[in-house]
Protein chains: 2
Amino acid sequence: MKAKIHVTLKPGVLDPQGKAVGHALEALGFDGLGEVRQGKYIEIDLAGNDAEEAKTQVDAMCRQLLANMVIENYEIEIEA
Amino acid sequence: MKAKIHVTLKPGVLDPQGKAVGHALEALGFDGLGEVRQGKYIEIDLAGNDAEEAKTQVDAMCRQLLANMVIENYEIEIEA
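One structure accompanies this document, and this report is about it. (Residues numbered from 1 in each chain as written. Chains lettered and ligands numbered in written order. Predicted model: local features only at pLDDT ≥ 70, side-chain atom pairs only at ≥ 80, totals over all residues. Heavy atoms only, no water.)

**Some remarks on the overall build of chain A**
For chain A, the helix and strand inventory stands at two helices and three strands. The order of α-helices and β-strands along chain A, N terminus first, is β-α-β-α-β. What you see for chain A is a C-alpha radius of gyration of 16 Å, clearly larger than the 12 Å of a compact globule of 80 residues, by over 25%. Dimensions along the principal axes, computed over C-alpha positions, put chain A at roughly 50 × 25 × 15 Å. Relative to its full complement of 80 residues, chain A shows a buried share of 39%. (Helix = DSSP H or I, 4+ residues; strand = E, 2+ residues; numbered from the N terminus. Rg over C-alpha atoms; globule rule 2.2 N^0.38 Å. Buried < 20%, exposed > 50% of the residue type's maximum accessible area, 1.4 Å probe, protein only.)

**Quick look at the sheet that holds strand 1 (residues 2-9) of chain B**
If you walk across this open sheet you meet the six strands as 3(A)-1(A)-2(A)-2(B)-1(B)-3(B), and the pairing is antiparallel. On the outer flanks of this sheet lie strand 3 (72-79) of chain A together with strand 3 (72-79) of chain B, each paired with one strand and no other. Adjacent strand axes in the sheet meet at a mean angle of 20° when their direction is disregarded. Those strands touched by helix 2 (residues 51-66) of chain A are strand 1 (2-9), strand 2 (33-46) and strand 3 of chain A together with strand 2 (33-46) of chain B, and its axis lies near 155° from that of strand 3 of chain A. Each of strand 2 of chain A together with strand 2 of chain B is contacted by helix 1 (residues 16-27) of chain B, which is oriented at about 120° to strand 2 of chain B, the strand it contacts most. (Pairing = 2+ DSSP bridges. Axes fitted to C-alpha atoms, helices over the stretch in contact; angles between N-to-C directions. Contact = heavy atoms within 4.5 Å.)

**Section: the layout of surface pockets**
One water molecule sets the probe size; rolling that probe over the atoms shows where empty space is left. There is about 910 Å³ of room inside the largest pocket. K4, H6 and Y41 of chain A together with H6 and Y41 of chain B are, among the 41 residues lining the largest pocket, the residues nearest its centre. Here the lining of the largest pocket is composed, by residue class, of 11 nonpolar, 11 polar and 19 charged. Roughly 270 Å³ of volume is contained in the second largest pocket. Secondary structure elements with two or more residues in the lining of the second largest pocket: strand 1, helix 1 (16-27) and strand 2 of chain A together with strand 1 and strand 2 of chain B. Classifying every residue of the lining of the second largest pocket by side-chain character gives five nonpolar, seven polar and six charged. (1 Å grid on protein atoms, 1.4 Å probe; cavity = no way out; pocket = protein on both sides within 12 Å on 5 of 7 lines; lining within 4 Å. Points joined across faces, edges and corners; volume = space filled by probe spheres on them. Nonpolar A, V, L, I, M, F, W, Y, C, P; charged D, E, K, R; others polar.)

**Quick look at the relation of the copies chain B and chain A**
Turning chain B through 180° and shifting it by 0.0 Å along the axis lays it on chain A, with an RMSD of 0.0 Å. These values place the two chain copies in the arrangement generated by a two-fold rotation axis. Among all residues of chain B, the one whose C-alpha sits closest to the rotation axis is K40 of chain B, at a distance of 2.4 Å. (Least-squares fit on C-alpha atoms with pLDDT ≥ 70 in both.)

**Notes on the pairing of strand 2 of chain A**
With 10 of its 14 residues buried, strand 2 of chain A lies for the most part within the structure. By the bridge criterion, six bridges tie strand 1 of chain A to strand 2 of chain A in an arrangement that is antiparallel. Paired with H6 of chain A across the bridge in strand 2 of chain A is Y41 of chain A. Sheet topology places strand 2 of chain A next to strand 2 of chain B; 11 bridges connect them, and they run antiparallel. Its bridge partner lying in strand 2 of chain B, L46 of chain A is registered against L33 of chain B.

Shown next, in the form of structure tokens:
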């Protein structure tokens, strides 16, 4: 069973990394760009076959380690 | 129009960041963990309404800047 986790900055939180990527893309000649935001994407292989239990476990991982709840949101997807 | 991009390490490429996350999760008491891999997730707001053209543009961005094609794969999703 595999968990796919997206950790993204909350709306309104400054994202200097995303800004830098946006400027670099403009410097390369890409135009029509609006906001660029960069987050993290984490894949975790999990033992067990209970999707509900896996989600609870991964939710705890996000709260304790993977996401900074003050400035970041997370989304969890469990794949069999 | 919004582009959502996942940049992940190719299978077989060592991922020390993912390994560190895995060890940290184990140290917190989570068990049954297999491989942990960490990638990047980028959202870009784009002008224009042509999804096909947007995809071509974002593909060029990935090849030129966002992904290191030697060790990374990328996936593009275009949302209206």
